[in-house]
Amino acid sequence: MTYIAKPKFHHPSLPKNALGYTHRDYEGSVSTLCAGCGHDSISAALIEACFELDIEPHRVAKLSGIGCSSKTPTYFLGNSHGFNSVHGRMPSVLTGANLANRELIYLGVSGDGDSASIGLGQFAHALRRGVNMVYIVENNGVYGLTKGQFSATADRGSKSKRGVTNADSAIDLVAMALQLGATFVARSFSGDKEQLTPLIKAAIEHEGAAFLDVISPCVAFNNHAGSTRSFDYVREHNMAVNRLDFITGRAPITVDYAPGAVEIIEQHDGSKLALRKVAPHYDPHDRLKALNYLQESAAAGEIVTGLLYVERDSEDLHEHLDTVETPLNALGENDLCPGAQVLDKINDSLR
Ligand SMILES: Cc1ncc(C[n+]2csc(CCOP(=O)(O)OP(=O)(O)O)c2C)c(N)n1
Ligand code: SF4
Ligand SMILES: [Mg+2]
């Protein structure tokens, strides 16, 4: 793989965040993806979200599988931890890393091929276990890296670049995430940075399994007439149910909202989400209704985007397992090897 170095020079007037970092400090290598690929816009939104949240880059761990989408962690957060794993195996590697050190922010970056085919089982179990992470699928309906075969998320009846019709039913990862118990579920579009950036920020601050399905057109293999993942198609059929403003715990709510138009949702860390309802009757706290709404809208040919579900009192895997707060590599010998008496006590309790 080739890496293109970026010039080190920073313009002195670049805006800085509370840590004194500029956007440049959150960037990675120059992208080697096709010009115009939706995935690059998602990288840009991730950079923006981490800059705006004043995240120290060393607190982030990026994990991915295989695919053009899974290559993208090289192109953002170059000063963070990263692990490019095996095709479809990102969720288990992320789960292991998270169990070993809960102090990091985990970004799992995957593709529709990576998560809906070879990695479908891994996707399912990471979400049902409530691993504290942001799981992003950069969904283009094809295997971009291997030259554009239909993926399992491609709609039945949609056409490939060569005109072949897809006869298989599509897997809707959002519907699956809802059914599997993810506590934060959203869909967005790589071409809508205004919607995507606050969703990423909210997902990062969410405690538990946050799933983000981002429609991300592949300009090389799936951006033609007959595709349901092209820029034109998604723009025409995008139906946002709400718009999100992310407000950190420190900042008072200064925006003046019309009464009834906005719901304020508090998160564990004190941050707040101001949810502006576009579809007035859509309730993002009702898992079952969300599932129904999605399926009805899909049948009507609409692509529903926005914050689709959020659980107010979410929990994560560490709470379920009652694990120790300290990262495992920081535990001393006395903690790890508490002696024969303690071992006898444990053995006795199991007899
Ligand atoms: C075990 C294994 N099987 C198959 C492949 C071939 N392969 C590489 S990437 C890919 C699919 C990528 O599709 P997706 O996850 O949607 O990413 P995109 O390139 O579309 O972003 C496949 C099948 C592989 N690398 N490893
Ligand atoms: S092949 Fe498609 S998914 Fe891969 S970089 Fe090019 S446009 Fe993006
Ligand atoms: Mg893909």
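Going by the structure above, here's the rest.
Residues numbered from 1 in each chain as written. Chains lettered and ligands numbered in written order. Predicted model: local features only at pLDDT ≥ 70, side-chain atom pairs only at ≥ 80, totals over all residues. Heavy atoms only, no water.

Peer 1: Whenever I open this one, the site of ligand 2 confuses me. Can you help?
Peer 2: Leu33, Cys34, Cys37, His39, Cys68, Asn140, Gly144, Cys218, Val219, Ala220 and Phe221 make up every residue found near ligand 2. Grouping the constituent residues of the shell around ligand 2 by class yields 8 nonpolar, 3 polar and no charged. (Near = heavy atom within 4 Å. Nonpolar A, V, L, I, M, F, W, Y, C, P; charged D, E, K, R; others polar.)

Peer 1: What is the right way to look at the site of ligand 1 in this model?
Peer 2: Among the 17 residues in the neighbourhood of ligand 1, the closest are listed as Ser69, Asp112, Gly113, Asp114 and Gly144. Contacts to ligand 1 include Gly113, whose backbone N or O atom sits 2.8 Å from an oxygen atom. Measuring from an oxygen atom of ligand 1, one finds a backbone N or O atom of Asp114 at 2.7 Å. Bound to the protein, ligand 1 loses 74% of the 590 Å² it would expose on its own. Elements supplying a minimum of two residues to the shell around ligand 1: helix H2 (68-71), helix H4 (112-118) and strand S5 (142-143). Top contributing element to the shell around ligand 1 by residue count: H4, with 4 residues. Classifying every residue of the shell around ligand 1 gives 6 nonpolar, 9 polar and 2 charged. (Polar contact = N/O pair within 3.5 Å; in protein donor to acceptor, adjacent residues only side chain to side chain. Areas by Shrake-Rupley, 256 points an atom, 1.4 Å probe, with all protein chains shown as cover. Helix = DSSP H or I, 4+ residues; strand = E, 2+ residues; numbered from the N terminus.)

Peer 1: Even after reading the chapter, I still don't get the sheet that holds strand S1 (residues 60-64), so can you show me in this structure?
Peer 2: Within a sheet, each strand pairs with its neighbour through backbone hydrogen bonds, oriented either parallel or antiparallel. Overall, mixed pairing links the 8 strands, which are arranged S2-S1-S3-S4-S8-S7-S13-S9 in an open sheet. Across the chains shown, the open sheet's two edge strands, defined by having one partner strand only, are strand S2 (81-84) and strand S9 (238-240). Each strand axis lies, on average, 20 degrees off the axis of its neighbour in the sheet, ignoring direction. The sheet contact formed by S1 and S2 spans 4 bridges and is parallel. From the neighbouring strand, Ser64 faces S2, where its bridge partner is Asn84. Relative to strand S3 (residues 105-111), helix H3 (residues 90-100) is tilted by about 175 degrees, and along the sheet it contacts S1, S2, S3 and strand S4 (133-139). Across the sheet, helix H7 (residues 193-205) is in contact with S3, S4, strand S7 (184-189), strand S8 (209-215), S9 and strand S13 (303-310); its angle to S7 comes to roughly 160 degrees. (Pairing = 2+ DSSP bridges. Axes fitted to C-alpha atoms, helices over the stretch in contact; angles between N-to-C directions. Contact = heavy atoms within 4.5 Å.)

Peer 1: Teacher, can you tell me more about the packing of aromatic side chains here?
Peer 2: Per the stated rule, a full pass over the model turns up 7 aromatic pairs. Geometrically, the ring pair formed by Tyr21 and Tyr26 is edge-to-face, given 6.1 Å between the ring centres and 80 degrees between the ring planes. Using a relative accessible area of 31% as the deciding quantity, one classes Tyr21 as partly exposed. With a centroid separation of 5.3 Å and 75 degrees between ring planes, the pair formed by Phe123 and Phe211 is classed as edge-to-face. Of the two residues, Phe123 is situated in helix H5 (residues 120-129) and Phe211 in strand S8; the sequence distance between them amounts to 88 residues. Note on Phe123: relative accessible area 0%, which makes it buried. (Phe/Tyr/Trp six-rings, centres within 6.5 Å; stacked < 30°, edge-to-face > 60°. Buried < 20%, exposed > 50% of the residue type's maximum accessible area, 1.4 Å probe, protein only.)

Peer 1: Explain the coordination of the magnesium ion (ligand 3) here, please?
Peer 2: Working reference: metal with six octahedral donors, ideal angles 90 or 180 degrees; metal with four tetrahedral donors, ideal angle 109.5 degrees. Bound to the magnesium ion (ligand 3) are the protein donor atoms Asp112 (OD), Asn140 (OD1) and Val142 (O), situated 2.1 to 2.2 Å from the metal. Each donor residue of the magnesium ion (ligand 3) belongs to the same chain, and together they define the spacing D-x27-N-x1-V. The burial state of Asn140 is the same as that of Val142; both residues are buried. (Donors = N, O, S within 2.8 Å, 3.2 Å for Na, K, Ca; no water.)

Peer 1: What is the right way to look at the packing of helix H6 (residues 173-180) against helix H9 (residues 287-299) in this model?
Peer 2: Angle between the axes and distance between the axes are the two parameters that describe a pair of packed helices. Interhelical geometry of H6 versus H9 gives an angle of 165 degrees and a closest axis separation of 10 Å. One finds that H6 runs roughly antiparallel with respect to H9. Note on packing geometry: the crossing formed by H6 with H9 is left-handed. Where H6 approaches H9, its residues Val174, Ala175, Ala177 and Leu178 are matched on the opposing element by Arg287, Ala290, Leu291, Leu294 and Gln295. Looking at the contact of H6 with H9 residue by residue, the classes come out as 7 nonpolar, 1 polar and 1 charged. (Parallel < 35°, antiparallel > 145°, perpendicular 65-115°, else oblique. Left-handed = near helix turned anticlockwise from the far one by under 90°.)

Peer 1: So what exactly am I meant to see when it comes to helix H1 (residues 38-52) here?
Peer 2: It helps to recall that an α-helix has 3.6 residues per turn; residues three or four apart then point in one direction. Across its 15 residues, H1 extends 21 Å between first and last C-alpha, which sits within 8% of the 21 Å expected from 1.5 Å per residue. Among the 15 residues that make up H1, 11 are buried, leaving the element largely enclosed by the rest of the structure. Buried within H1 we find Gly38, His39, Ile42, Ser43, Ala45, Leu46, Ile47, Glu48, Ala49, Cys50 and Phe51. Tucked inside the fold, the buried residues of H1 contact H2, S3, S4, H7, S8 and helix H8 (231-237). After H1 finishes, the residue Asp54 shows a positive phi value of roughly 55 degrees. (Expected span 1.5 Å × (residues − 1).)

Spatial relationships are all this shows, so hold off on functional conclusions.
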